[in-house]
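Given next are the chains, with one letter for each unit.
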Amino acid sequence: MSEAKRLATPVAPGGRIGILGGGQLGRMLALAAARLGLKTHIYSDERDAPAFQVAAEHTHGAYNDEAALAKFAAACDAITFEFENIPETAVSFLAARKPVNPNARALAPTQDRFAEKSLAISLGLKTAPFFAVNSADDAAEAFARLGRHGVMKTRRFGYDGKGQAKVASAEDASRAFLAFKYAPSILEGFVDFAFEASVIAARAGDGTFAAYDPPENFHEHHILRRSTVPGRLSAAQIDEAKSIAKKIGDALDYIGVFCVELFVTKSGELLVNEIAPRVHNSGHWTLEACLTSQFEQHIRAVAGWPLGSTKRHSDAVMENIIGEEAADWRTLAATGGALHLYGKSEIRPGRKMGHITWLKSG
Ligand code: AMP
């Protein structure tokens, strides 16, 4: 494999940032880049990608179309992505041509739940107990070792509760493995958490680190419903959450914004649930409540600019607008909150259509 390119000098205003993926995250990244005088080029395999509407250039192509990827790379000064399940081959192909951040080495452990949790443990962080499951027998054996109810999850390609099943017996665990069509999986202990939280942080190429105040998150049907900041975390837990993110960012030599999802247990422990190598839904409130949003921060990091201030000037509540709720945009527009609609052409059940943030000045 050829050497990954590194950014020698910052991308100056007028330069072009390539973004793989054209959903709402790519769209909000493109809008933030525009504010800094940077152009964006979105690459997506979706014909009608929401981010295409707000970017200077776009390419509609498959993630394994090397001719299209080569042309895209040639048109960009630096490249990033808005979702983690990009084929490794596409990332390496692009990285041989232009600086890609976060780099492929940082991406790999976040694409696999077993590697992700193992990384957390190797850094001295805490997670729910977990076991690798590669066969129906493994599933039953893992359940016996866990000794209580748990959650089966596919190692790869799970999101918003997809590829997950609650299990209360060895038979359930084996059945879930079969339902996952034998995909390599993990069995994880069920956490009876007090609440969920996340920490959104950024790391620049020179190792500079900055974290936002961690929000408390509430999920419904496995989809994020609401993020509230400040949430119920104590001052000590806020510091701990930020230091967890710093350890992970440093270990991955990470460049860009990332999110660590946490379970806060009833005894006050913070357990690492998931690491997302990208801007995150639970950080959308930073658009209105912080001097530098998570989107601008990510663009700054991948363009080689200094990180901006993560200072929060207001308390905030962010609610997702999901599926049919978007049809009621007139009511939503009159609530006094900051309304974001993602320009998706079709409403589908469970689809994130937009979000709304309310501020309470502190
Ligand atoms: P994940 O895809 O791992 O982030 O899971 C999505 C959501 O499912 C989490 O935010 C939790 O609300 C719930 N969940 C996942 N794993 C567990 C667990 N081990 N114990 C309790 N709830 C869980």
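Look above for the structure.
Residues numbered from 1 in each chain as written. Predicted model: local features only at pLDDT ≥ 70, side-chain atom pairs only at ≥ 80, totals over all residues. Heavy atoms only, no water.

Draft legend 1. Expanded view of the nonpolar core. One finds Ile-17, Leu-38, Ile-42, Trp-285, Phe-295 and Ile-299 to be the most contacted residues of the largest nonpolar core, which totals 42 residues. Among the elements of the structure, strand S1 (16-20), helix H1 (24-35), strand S9 (195-203), strand S12 (223-229), strand S13 (256-264), helix H10 (294-302) and strand S15 (314-322) are those that each provide at least two residues to this core. Each residue touching Leu-38, except ones within four places of it in the same chain, is listed here: Val-11, Ala-12, Pro-13, Gly-14, Gly-15, Ile-17, Ala-33, Ile-299, Ala-303 and Trp-305. Counting 23 residues, the second-largest nonpolar core is a separate cluster that includes Ala-106, Ala-211, Phe-258 and Val-260. (Core = buried A, V, L, I, M, F, W, Y, C linked by side-chain atoms within 4.5 Å. Buried < 20%, exposed > 50% of the residue type's maximum accessible area, 1.4 Å probe, protein only. Helix = DSSP H or I, 4+ residues; strand = E, 2+ residues; numbered from the N terminus. Contact = heavy atoms within 4.5 Å.)

Draft legend 2. Focus on the packing of aromatic side chains. The final tally for this structure, using the stated rule, is 8 aromatic pairs. A centroid spacing of 5.5 Å and a plane angle of 70 degrees characterise the contact between Phe-114 and Phe-130, whose relative ring orientation is edge-to-face. Linking Phe-114 in helix H5 (residues 113-122) with Phe-130 in strand S5 (residues 130-133), this pair joins segments that are 16 residues apart in sequence. Counting every residue linked through ring pairs, the aromatic cluster contains Tyr-43, Tyr-63, Phe-72 and Phe-83. In this structure, Arg-97 packs its charged tip against the face of Phe-93, placed 3.7 Å from the ring centre. (Phe/Tyr/Trp six-rings, centres within 6.5 Å; stacked < 30°, edge-to-face > 60°. Lys NZ or Arg CZ within 6 Å of the ring centre and 35° of its normal.)

Draft legend 3. Fine view of the site of the ligand. Close contacts around the ligand come from 16 residues, with Lys-153, Gln-164, Glu-188, Glu-196 and Glu-274 the closest. Note that an oxygen atom of the ligand is positioned 2.8 Å from one of the side-chain N or O atoms of Gln-164. At 3.1 Å from an oxygen atom of the ligand is found a side-chain nitrogen or oxygen belonging to Asn-273. Taken by itself the ligand offers 470 Å² of open surface, and the protein chains cover 93% of this. Elements supplying a minimum of two residues to the shell around the ligand: strand S6 (150-154), strand S8 (185-189), S13 and strand S14 (270-276). The class makeup of the residues in the shell around the ligand is 5 nonpolar, 5 polar and 6 charged. (Near = heavy atom within 4 Å. Polar contact = N/O pair within 3.5 Å; in protein donor to acceptor, adjacent residues only side chain to side chain. Areas by Shrake-Rupley, 256 points an atom, 1.4 Å probe, with all protein chains shown as cover. Nonpolar A, V, L, I, M, F, W, Y, C, P; charged D, E, K, R; others polar.)

Draft legend 4. Representation of the sheet that holds S8. Here we have 4 strands laid out as an open sheet, ordered S5-S8-S6-S7, and antiparallel in their pairing. Lying at the two open borders of the sheet, with one neighbouring strand each, are S5 and strand S7 (164-167). Taken pair by pair, the neighbouring strands of this sheet meet at an average axis angle of 25 degrees, ignoring direction. Alignment of S6 against S8, held across 5 bridges, turns out to be antiparallel. Residue Lys-153 lies in a different strand from S8, and its bridge partner there is Ile-186. (Pairing = 2+ DSSP bridges. Axes fitted to C-alpha atoms, helices over the stretch in contact; angles between N-to-C directions.)

Draft legend 5. Expanded view of the packing of helix H6 (residues 136-146) against helix H7 (residues 170-179). Here H6 crosses H7 at 145 degrees, and the two axes come no closer than 8 Å. Considering how the two elements wind past one another, H6 and H7 form a crossing that is right-handed. Across from Ala-136, Ala-139, Ala-140 and Phe-143 in H6, the residues of H7 making contact are Ala-170, Ala-173, Ser-174, Phe-177 and Leu-178. (Left-handed = near helix turned anticlockwise from the far one by under 90°.)

Draft legend 6. How the structure looks around H1. Between its first and last C-alpha atoms H1 spans 17 Å; for 12 residues at 1.5 Å apiece the expected length is 16 Å, and the two agree. Burial within H1 is extensive, with 9 of its 12 residues counted as buried. Every buried residue of H1 is listed here: Gln-24, Leu-25, Gly-26, Arg-27, Met-28, Leu-29, Ala-30, Ala-32 and Ala-33. In the segment just after H1, Gly-37 is the residue with positive phi, at about 80 degrees. (Expected span 1.5 Å × (residues − 1).)

Draft legend 7. Examining unusual backbone geometry more closely. A cis amide bond, omega -5 degrees, links Asn-101 with the succeeding residue Pro-102. The topology assignment puts Pro-102 in the loop between helix H3 (88-95) and helix H4 (104-110). With an omega of 0 degrees, the peptide bond running from Val-229 to Pro-230 counts as cis. Along the polypeptide, Pro-230 turns up in the loop between S12 and helix H8 (235-251). One non-glycine residue, Lys-181, adopts positive backbone phi at about 55 degrees. With respect to the helices and strands, Lys-181 occurs in the loop between H7 and S8.

Draft legend 8. Structural context of the pairing of S13. Summarising burial for S13: 9 of the 9 residues are buried, a large majority. Of the two faces of S13, both are covered, the one formed by Gly-256, Phe-258, Val-260, Leu-262 and Val-264 as well as the one formed by Val-257, Cys-259, Glu-261 and Phe-263. Across 9 bridges, the pairing between S9 and S13 is antiparallel. Of the residues in S13, the one forming a bridge with Phe-195 is Val-264. Relative to S14, S13 is paired through 6 bridges, and the arrangement is antiparallel. In the strand pairing of S14, Cys-259 is matched with Ala-276. Hairpin connection from S13 to S14: 5 residues lie between these consecutive antiparallel strands, with Gly-268 at a positive phi of about 95 degrees.

Draft legend 9. How the structure looks around the packing of helix H2 (residues 66-74) against H3. Following both chains from N to C, one finds H2 and H3 inclined at 40 degrees, their axes separated by 10 Å at the closest point. Comparing the axis directions of H2 and H3 gives the class oblique. At the point where H2 passes H3, the crossing takes the right-handed sense. From H2, Glu-66, Leu-69, Ala-70, Phe-72 and Ala-73 reach across to H3, where they touch Ala-90, Phe-93 and Leu-94. Across the contact of H2 with H3, the residue classes break down as 7 nonpolar, no polar and 1 charged. (Parallel < 35°, antiparallel > 145°, perpendicular 65-115°, else oblique.)

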